[in-house]
Amino acid sequence: MKRILFIDRDGTLIKEAPPSYQIDSFEKLVFYPHVFEWMGRIAREFDYELVMVTNQDGLGTEAFPLATFQPVQDFVLESFKHEDVVFSAVHIDRTFAKDNAPTRKPNTGMLTEYIDNPAYDIKNSYVIGDRITDVQLAKNLGCKAIWLNNDPGLGAAEVNDDMAALRAVTALESPHWADIYSYFRLGLRQVTHERNTAETRIAVTLNIDGSGKSDIHTGIGFFDHMLDQIARHGRLDLAIKVAGDLHIDEHHTIEDTGIALGEAFALALADKRGMERYGFALPMDDADARVLIDFGGRSWIVWDAEFKREKIGEMPTEMFFHFFKSFSDAARCNLNVVCRGDNEHHKIEAIFKALARAIRMAVRRDPLSNHLPSTKGML
């Protein structure tokens, strides 16, 4: 069974041309940054059939003559052919959005030959495009989407499903073709992990290769705020849901969240090939915070930070060390944390931000490398 990459044209292979969005002259033609390098690698290294699928509003009308479109289109196809990117088919819908034609993306009328066809593995195929309609097309086809999201509003009026349903089929969201190649080469490091005890029930969803989205609910507002820093500054997608025994105190909720989050990192980073492994972050904000991290498979923590207040928000300051120790143990990483400053809130926030930046550095991967960062041959 063949897997397919259904690839949009404007905004994906070549740049959009507002306000008309009609690329009807060579003066308007600009190729998407680095598309030849990474699309060429994808075509040469992976076994996908390539199919171009594009809406060209009013093509063939007086406002958008075929005679001005076709020379540019032929040049685009020939340029990609020289880089070993050959499309087995090109599907162009010429209608307008108001027509709601069955052939217009995100409808599937142009692609019926691929649907329910035993020759094609649609479930493991992808739509690659810059508009939310491309994500909707993927859902309608029953495959996955890679969203080159530079403007989330483009095409929004033409989708039927809500964003939650569309994100469920989005395998990757990035404006960079290099990230798309990395996804195909290495996959996403993502995991859903649960930790349930008599004191707490914790669900963690972690995407190491995310974009900084977070959805944190521990029942402790200040703790949520700190965990949000890890997602945003580490560019991780992180969702944490905790049901803890807060009617007793905060101890189990904070400790078990550190353990569950560390376990999620250990699972997501099971294969460290091509990864940097080490990360560090230096002074941030008005507090002097330093965090060094080593995802080397062994846990250890050095903690040099003192807090004078008993609580910040509803979070006991004595639990800061406990959280980082629990995380280090479960993630099997070394942590070295040093902080100086006067404002207690700024100090701990600087530590969490520095941790996030250190993680971001340590988990960075080179998709062209299969190197394991250890002389032992294992991590």
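Now for a description of the structure that goes with this document. (Residues numbered from 1 in each chain as written. Predicted model: local features only at pLDDT ≥ 70, side-chain atom pairs only at ≥ 80, totals over all residues. Heavy atoms only, no water.)

### Describing the overall build of the chain
Part 1: Secondary structure assignment for the chain yields 9 helices and 16 strands.
Part 2: When the backbone C-alpha atoms are referred to their principal axes, the chain occupies close to 75 × 45 × 45 Å.
Part 3: Per-residue burial for the chain yields a buried fraction of 50% across its 379 residues.
Part 4: Summarising the internal contacts of the chain: among those between residues at least 6 apart in sequence, 72% fall at separations of at least 24.
Part 5: As displayed, the chain has an accessible area near 17500 Å², and 50% of this comes from carbon and sulfur atoms. (Helix = DSSP H or I, 4+ residues; strand = E, 2+ residues; numbered from the N terminus. Buried < 20%, exposed > 50% of the residue type's maximum accessible area, 1.4 Å probe, protein only. Contact = heavy atoms within 4.5 Å. Areas by Shrake-Rupley, 256 points an atom, 1.4 Å probe, with all protein chains shown as cover.)

### Re the side chain of Asp256
Part 1: Inspection of the secondary structure puts Asp256 in helix α7 (residues 251-268).
Part 2: Arg195 is the oppositely charged side chain nearest to the buried, salt-bridge-free Asp256, at an N-O distance of 4.5 Å.
Part 3: Within the structure, Asp256 has its side chain in polar contact with the side chain of Thr200 (distance 2.6 Å).
Part 4: Setting aside anything within four residues of it in sequence, one finds Asp256 in contact with Arg195, Thr197, Thr200 and Ile202. (Lys, Arg positive; Asp, Glu negative; His and termini not counted. Salt bridge = Lys/Arg side-chain N within 4 Å of Asp/Glu carboxyl O. Polar contact = N/O pair within 3.5 Å; in protein donor to acceptor, adjacent residues only side chain to side chain.)

### Some remarks on the layout of surface pockets
Part 1: The volume enclosed by the largest pocket comes to roughly 710 Å³.
Part 2: Together, 25 residues line the largest pocket, and Asp179, Ile208, Asp209, Gly210 and Arg235 are the ones closest to its centre.
Part 3: Among the elements of the structure, β6 (170-173) and α5 (177-186) are those that each provide at least two residues to the lining of the largest pocket.
Part 4: Here the lining of the largest pocket gets 4 residues from one element, more than from any other, and that element is α5.
Part 5: Reported here for the second largest pocket is a volume of approximately 420 Å³.
Part 6: Listed by contribution, the elements that provide at least two residues to the lining of the second largest pocket are β6, β7 (190-196), β8 (200-207), β9 (214-217) and β10 (237-244).
Part 7: At 4 residues, the largest contribution of residues to the lining of the second largest pocket is made by β6. (1 Å grid on protein atoms, 1.4 Å probe; cavity = no way out; pocket = protein on both sides within 12 Å on 5 of 7 lines; lining within 4 Å. Points joined across faces, edges and corners; volume = space filled by probe spheres on them.)

### Quick look at the sheet that holds strand β11 (residues 278-281)
Part 1: Reading across the sheet, the 4 strands line up as β11-β12-β16-β13 and stay open at both edges, with mixed pairing between neighbours. The two strands at the open ends of the sheet, each matched to only one other strand, are β11 and β13 (300-304). Neighbour-to-neighbour, the strand axes of the sheet open up by a mean angle of 5°, direction not taken into account.
Part 2: Contacting β13 and β16 (334-340), helix α8 (residues 318-331) runs over the sheet at an angle of about 160° to β13.
Part 3: Helix-sheet contacts for helix α9 (residues 344-362) involve β11, β12 (288-294), β13 and β16, and the interaxial angle to β12 is about 35°. (Pairing = 2+ DSSP bridges. Axes fitted to C-alpha atoms, helices over the stretch in contact; angles between N-to-C directions.)

### Some thoughts on helix α3 (residues 132-141)
A turn of α-helix holds 3.6 residues, and therefore any two residues three or four places apart point the same way.
Part 1: Within α3, 8 of the 10 residues are buried, which leaves it mostly tucked inside the rest of the structure.
Part 2: Those residues of α3 that sit buried are Ile132, Thr133, Asp134, Val135, Gln136, Leu137, Ala138 and Leu141.
Part 3: Among the structural elements, β1 (3-7), β2 (48-55), β4 (126-129), β5 (144-147), α4 (163-167) and β6 are those in contact with the buried residues of α3.

### Structural notes on the packing of helix α1 (residues 35-45) against α5
Part 1: At a closest axis distance of 8 Å, the pairing of α1 and α5 adopts a crossing angle of 20°. On the basis of the axis angle, α1 is roughly parallel to α5. Classified by chirality, the crossing of α5 by α1 is left-handed. Taking contact as the criterion, the partners of Val35, Trp38, Met39, Arg41, Ile42 and Glu45 in α1 are, on α5, Trp177, Ala178, Ile180, Tyr181, Phe184 and Arg185.
Part 2: The class makeup of the residues in the contact of α1 with α5 is 9 nonpolar, no polar and 3 charged. (Parallel < 35°, antiparallel > 145°, perpendicular 65-115°, else oblique. Left-handed = near helix turned anticlockwise from the far one by under 90°. Nonpolar A, V, L, I, M, F, W, Y, C, P; charged D, E, K, R; others polar.)

### As for a positive patch on the surface
Part 1: There is a patch of like positive charges on the surface, built from Arg235, Arg357, Arg360 and Arg364.
Part 2: You can see Arg357 is positioned in helix α9.
Part 3: Residue Arg357 is classed as partly exposed on the basis of its relative accessible area, which comes to 39%. (Patch = residues over 30% accessible without salt bridge, like charges linked within 9 Å, V, L, I, M, F, W, Y side chains within 5 Å. Charge placed at Lys NZ, Arg CZ, Asp CG, Glu CD.)

### Things to note about the sheet that holds β7
Part 1: What the 4 strands build is an open sheet, ordered β7-β8-β10-β9; its pairing is mixed. At either margin of the open sheet sits one strand with a lone partner, and together these are β7 and β9. Between one strand and the next, the sheet's axes are offset by a mean angle of 5°, whatever the strand orientation.
Part 2: Across 4 bridges, β9 lies against β10 in parallel orientation. Counterpart to Asp215 in the pairing with β10 is Ala239.
Part 3: Contacts from helix α6 (residues 221-234) reach β9 and β10 within the one sheet, and its direction differs from that of β9 by about 160°.
Part 4: Against the sheet, α7 engages β7, β8 and β10, with an angle of about 35° to β8.

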